[in-house]
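# Residue-level structure breakdown
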Amino acid sequence: MTYPDGPLPGHSPEQEALFEGAALTYARHRPGLPDAAVHLLADTLRGRPAPVLLDLGTGTGQVPFALLSAGTDLTHIEAVDVSPQMLHQARQALTPVLGPCTLTLVHAAADAYEPLATLPGKPDSGPDLITCCRSYHWMNGEAVLEMADRVATPGAAVAIMGDGSLWTHNADWTRALRELIQLYLGAERRAGARRSYAEPRRSYEEDLAASAFNDVTEHLFPVTRTWAPQEVLGYLRITSFAGAGLFAERHQAFEDEALALLHAHAVDGSLVEEATFRVLLARRPEGAR
């Protein structure tokens, strides 16, 4: 891994620090990828010699872990994140399932990433699949897609994926939880300690349409998740909108109220989330590089 001195290029110190110290909780409570989405990603690599994955905003390595666990024949993974703690968790998760696949962990902002060295087994080439899972909204999308065009192999795919959050989910229990968060932190959705969340000025589809990867298909995968009240609290601690640090000395009071609220809405001790996991799978048009 490379650890540059000072703030990472393309990222503010606030963004870089947002999930620091939460990596273990993140690994325990962040929902994984639905199997159907993993199979879709694996299919993009079928038939490609020595396939390479570049996972941007890898967090604890959920995307490469899911692909390797599904038997995808990757030869090399480049996993990029702004948090050394997240990369440490990614290494711990991925090492047991790597097999002959090699792994490079890169401490960098996605929009400032450049390959550190020649990719193993592909001296004149780059990644065949570039993924951003629940992370693209933190990035400079235009810069990320320009970089992707520079480094990706001919015929490579870019996958921008996500399924919202418990803030955006529309159910009785999530609405009540969101109102409680707003009671403590204010009406605006927080995005870390220093700012409020701002909707991207362009949609992901608009970013892709303006990029080299403008041949785009949308894939929607329904997901049903069942949460225990304590699991919801663990999840909230690693979000940008309800992380523990946002509440300061009021965090315990918030968690006590939130737990009571969640128990009141639970049915047989469980809370159900009906989500849609969306994958935008983008390629350069046929005949382009």
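In this numbering scheme, every chain counts its residues from 1 along its sequence in written order. The predicted origin of the model limits local features to residues at a pLDDT of at least 70 and limits the giving and counting of side-chain atom pairs to 80 or more, whereas totals for whole chains, interfaces and linings rest on all residues. Excluded from the side-chain calculation are hydrogens and water; included are all heavy atoms of the structure.

Located in the positive-phi region is Ala-248, a residue other than glycine, with phi close to 50°. Looking at where Ala-248 falls in the secondary structure, it is placed in the loop between helix H10 (244-247) and helix H11 (251-265). Numbering of helices and strands starts at the N terminus; helices are DSSP runs of H or I of at least 4 residues and strands are runs of E of at least 2.

On to the nonpolar core, then. Most often, soluble globular proteins have nonpolar side chains that are buried together. The biggest cluster of nonpolar side chains holds 31 residues, and the ones touching the most others in it are Leu-67, Ile-77, Met-161 and Phe-277. No other element matches the six residues that helix H3 (residues 35-45) contributes to this core. Residue contacts are defined here by distance: any two heavy atoms, one from each residue, within 4.5 Å place the two residues in contact. Those residues in contact with Phe-277 that lie beyond four places of it in its chain are Leu-33, Pro-34, Ala-37, Cys-133, Arg-134, Met-161, Gly-162, Asp-163, His-219, Leu-220, Phe-221 and Val-223. Core analysis: the second largest hydrophobic core is formed by 26 residues, Trp-167, Leu-185, Trp-227 and Leu-262 among them. Residues enter a nonpolar core if they are buried and are Ala, Val, Leu, Ile, Met, Phe, Trp, Tyr or Cys, with the set joined through side-chain atoms within 4.5 Å. Relative accessible area decides the class of each residue, using a 1.4 Å probe on protein chains only: under 20% of the type maximum gives buried, over 50% gives exposed, and in between gives partly exposed.

For Phe, Tyr and Trp, rings pair up if their centres lie within 6.5 Å, where Trp contributes its six-membered ring, and each pair is then called stacked (planes under 30 degrees apart), edge-to-face (over 60) or tilted (otherwise). The tally for this structure, following the rule as stated, stands at six aromatic pairs. Arranged with centres 5.5 Å apart and planes meeting at 75°, the rings of Tyr-184 and Phe-254 form a pair that is edge-to-face. Taken together, the residues span a long stretch of sequence, with Tyr-184 in helix H7 (residues 172-185) and Phe-254 in helix H11 at a distance of 70 residues. Owing to a relative accessible area of 12%, Tyr-184 belongs among the buried residues under this scheme. Considering the side-chain rings of Phe-247 and Phe-254, the 4.2 Å spacing of their centres and the 20° angle between planes classify their relative orientation as stacked.

Attention now moves to helix H6 (residues 141-151). Listed in full, the buried residues belonging to H6 are Gly-141, Ala-143, Val-144, Leu-145, Met-147, Ala-148 and Val-151. Its buried side turned inward, H6 meets strand E1 (52-56), strand E4 (129-133), strand E5 (157-162) and helix H8 (204-209).

Turning our attention to the confidence of the model for the protein. Of the residues in the protein, 85% reach a pLDDT of 70 or more, and the chain-wide mean stands at 87. Confidence of the predictor at the level of single residues is captured by pLDDT, which takes values from 0 to 100. Element-level mean pLDDT values for the protein span from 46 in helix H1 (residues 13-17) up to 98 in H11.

By this rule, a helix spans an expected 1.5 Å times one less than how many residues it contains. Taking 1.5 Å as the rise per residue, H7 with 14 residues should run 20 Å; its terminal C-alpha atoms sit 20 Å apart, in good agreement. Where H7 ends, the next residue or the one after it, Gly-186, has phi of about 100°, a positive value.

Here we take up the pattern of salt bridges. Any carboxyl oxygen of Asp or Glu that lies within 4 Å of a side-chain nitrogen of Lys or Arg is treated as forming a salt bridge with it. Using the criterion set out here, one finds twelve salt bridges in the structure. Where Arg-225 meets Asp-163, a salt bridge forms, and the shortest distance between an N and an O atom there is 2.3 Å. Note that Arg-225 is positioned in strand E6 (residues 215-227) and Asp-163 in the loop between E5 and H7, a separation of 62 residues in sequence. Taking the relative accessible area as the measure of exposure, Arg-225 reaches 12% and is therefore buried.

As for its placement among the helices and strands, Asp-128 is situated in the loop between strand E3 (102-107) and E4. Polar side-chain contacts of Asp-128 include one of 3.0 Å to the side chain of Thr-153. Nitrogen and oxygen atoms within 3.5 Å of one another constitute a polar contact, given that in protein one can donate a hydrogen and the other can accept it, and given that sequence-neighbouring residues count only through two side-chain atoms.

Turning our eyes to something else, we now look at the sheet that holds E5. Pairing between strands is defined by DSSP: at least two bridges between them are needed. Strands sit in the order E3-E2-E1-E4-E5-E7-E6 across an open sheet of seven strands; the sheet is mixed. Each end of this open sheet is capped by a strand with a single partner; those strands are E3 and E6. Between one strand axis and the next, the sheet turns through 15° on average, direction left out of account. Pairing of E5 with strand E7 (residues 271-283) involves six bridges; the strand directions are antiparallel. Opposite Gly-162, over in E7, you have Arg-278 as the bridge partner. Where helix H5 (residues 84-94) meets the sheet, its contacts fall on strand E2 (76-81) and E3, and the angle it forms with E3 comes to roughly 170°. For every element, the axis is a line fit to its C-alpha atoms; helices are fit only across the contacting stretch, and the angle between N-to-C directions ranges from 0 to 180 degrees.

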